[in-house]
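Survey of secondary and tertiary structure
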Amino acid sequence: MDKNRRRYSNVIKKMNLQDEEMIGEALRKKGFYTGDDTYPLSSLHFELTYKCNAHCRHCYNNSGEGSASDLMTPQNWIDFSKYLVERGGMFECLLSGGEPLLLGEKLLDIMDILHDDGTIFLLMSNGQLLTEEMVKKLKKYRYHWLQVSIDGAKKEYHDWFRERPGCWESAIKGATAVANRGIPLKIAHCVTRYNLNEIGEMCDLAYSIGASSIMIGQISLSGRVERNCDLLLGANEIETMKCMVAEAREKYKGRMKVKFANSVKSGLKNHSIKPRSGAIIRPNGDIRIDGMAPFVIGNVLKDDFTDIWERKMNNCWRTQIVQDYIAGFDESDRNLTFVNYGTKDIFL
């Protein structure tokens, strides 16, 4: 075990792995996001596929459109994971898509490589493929959380929102299987003007199926939302949402964490302060500086990742175009001049 991984283990060994904010602050104080050492990386986000078995009206990265192909094959992801481990690995890995479970057993192959090196996972799913058999296989890994998206306390709204009949029942069944296996279950709940009044009921549902936390927030003006702007909350509705989340947080205090999603602007500001805290590898191999920032600094299929990370990661966040993009978010947390995943990414 190298010195940095030993330091990391010492920081988190007595902490609840689900307390991401507390862990992040503890690691920051120990210099993990600002140190000179490249490896182990603090975190990477693997967007494993464009493919999705739903077609959500709010999808921030336009997954499931059917036109984009995954240039990063499962074998490419396996090779890249080995590449990272050979150089020192990473502490955390967020796995998403699209729907990551569409990779089937190949997803487990990727996770095995990183798990054997000590990586902790955050896995995001719509829940449709979280069968008892798959959840049993996923039990072996260490998680901050396994997230299942449920956007309605009732099936009618959720299935309409995700444009797949039966999606709600599959998500409930999958989420329940996750909780029953002792995997920390996080429910992600997106609020629109059409389900605003269901927040309390949604928290009740999350608690009843065994969630350890629920993350609640408005949808972002990104990706497919540009074509579905009627979903966006107005100023008064945002305030109503915040009040309802506060009420639910008090109701479930000590039993289930009820969290309010951070604003996009604050998230980008924080990332710009800690540029080495993470990046996204997209299904085409692009190295994107953040999921909510349309800037690419390289491609793992064409470039050496370590070289790109060391040369560009710190400086890219300081460029004027990135700073202007962050500053462009208004009081409703929307950048109206450059919609994320609505306009072609910019290469820095």
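Note that residues are indexed from 1 along each chain, following the sequence as it is written. For a predicted model such as this one, the threshold for reporting local features is a pLDDT of at least 70, and the threshold for listing and counting side-chain atom pairs is 80 or more; totals across whole chains, interfaces and linings nevertheless cover every residue. Derived side-chain values reflect all non-hydrogen atoms in the structure, with water molecules and hydrogen atoms excluded from consideration.

1. Comments concerning the environment of K106
Working definition: helices are DSSP H or I runs of at least four residues, strands are E runs of at least two. Numbering for both runs from the N terminus. With respect to the secondary-structure elements, K106 resides in helix α4 (residues 105-115). Between the C-alpha atoms of K106 and Q75, which are 31 residues apart in sequence, the distance is 8.2 Å. Beyond its immediate chain neighbours, meaning those up to four positions away, K106 contacts P74 and I78. Residue contacts are counted whenever heavy atoms from the two residues lie within 4.5 Å of one another.

2. Thoughts on the pattern of salt bridges
Close approach of charged atoms allows side chains of opposite charge to pair. The salt bridge definition used is simple: a Lys or Arg side-chain nitrogen within 4 Å of an Asp or Glu carboxyl oxygen. Within the structure shown, the criterion is met by 14 salt bridges. Residue E86 pairs with R87 through a salt bridge whose shortest N-O separation is 3.6 Å. Exposure is judged per residue with a 1.4 Å probe applied to protein chains only, and the accessible area is read against the type maximum: over 50% gives exposed, under 20% gives buried, and values in between give partly exposed. The class for E86 is exposed, based on a relative accessible area of 64%. Of the charged contacts in the structure, one is a salt bridge between R193 and E237, with a shortest N-O distance of 3.5 Å. Placement of the pair is R193 in the loop between β5 (185-191) and α8 (199-208) and E237 in helix α9 (residues 235-251), with a sequence separation of 44 residues. For R193, a relative accessible area of 40% puts it in the partly exposed group.

3. Structural notes on the sheet that holds strand β7 (residues 257-260)
What makes two strands pair is DSSP finding at least two bridges between them. The 11 strands lie next to each other as β7-β6-β5-β4-β3-β2-β1-β8-β9-β10-β11, forming an open sheet whose pairing is mixed. Both outer strands of the open sheet, β7 and β11 (346-347), are each paired with one neighbouring strand and no more. Of the strand pairs in this sheet, strand β10 (residues 293-299) and β11 are connected by 2 bridges, and their pairing is parallel. Considered in β11, the bridge of F295 is made with I346. Here an axis means a line fitted to C-alpha atoms, over the contact stretch when the element is a helix, while the angle between two N-to-C directions is reported on a 0 to 180 degree scale. Contacts from α4 reach β1 (41-47), β2 (90-96), β3 (120-125) and β4 (143-149) within the one sheet, and its direction differs from that of β2 by about 165°.

4. Focus: the environment of R288
Among the structural elements, R288 can be located in strand β9 (residues 286-290). Along the sequence, R288 and F347 sit 59 residues apart, while their C-alpha atoms lie 9.1 Å from each other. Not counting residues within four places of it along the chain, the set of residues in contact with R288 comprises A279, I280, R282, A293, P294, F295, V296, N340, Y341 and D345. Among the polar contacts listed, one links the side chain of R288 to the backbone oxygen of D290, at a separation of 3.0 Å. In the analysis that follows, any N or O atom pair within 3.5 Å is treated as a polar contact, provided that within protein one partner can donate a hydrogen and the other can accept it, and provided that, for residues neighboring in sequence, both atoms belong to side chains.

5. Observations regarding the environment of P40
Looking at the element boundaries, P40 is found in the loop between α2 (20-29) and β1. Measuring from C-alpha to C-alpha, the distance between P40 and R87 comes to 7.7 Å, with 47 residues separating the pair along the chain.

6. Regarding the packing of aromatic side chains
Aromatic pairing here means that ring centres of Phe, Tyr or Trp (its six-membered ring) are within 6.5 Å. Orientation follows from the plane angle: under 30 degrees is stacked, over 60 is edge-to-face, and everything else is tilted. Scanning all chains against the criterion turns up 15 aromatic pairs. Between W160 and Y194 the ring centres are 5.9 Å apart and the planes differ by 90°, which places this aromatic pair in the edge-to-face class. Pair noted here: W160 is in helix α6 (residues 155-162) and Y194 is in the loop between β5 and α8, with a separation of 34 residues, a long-range link. Owing to a relative accessible area of 35%, W160 belongs among the partly exposed residues under this scheme. Residues Y207 and Y252 carry aromatic rings whose centres are separated by 5.0 Å and whose planes lie at 45° to one another, so their mutual orientation is tilted. Taken together, the positions of Y207 in helix α8 and Y252 in the loop between α9 and β7 put the pair 45 residues apart, joining distant regions of the chain. Residue Y207 is classed as partly exposed on the basis of its relative accessible area of 34%. Taken together, the aromatic side chains of F46, W77, F80, Y83, F305 and W309 make up a single cluster linked through ring pairs.

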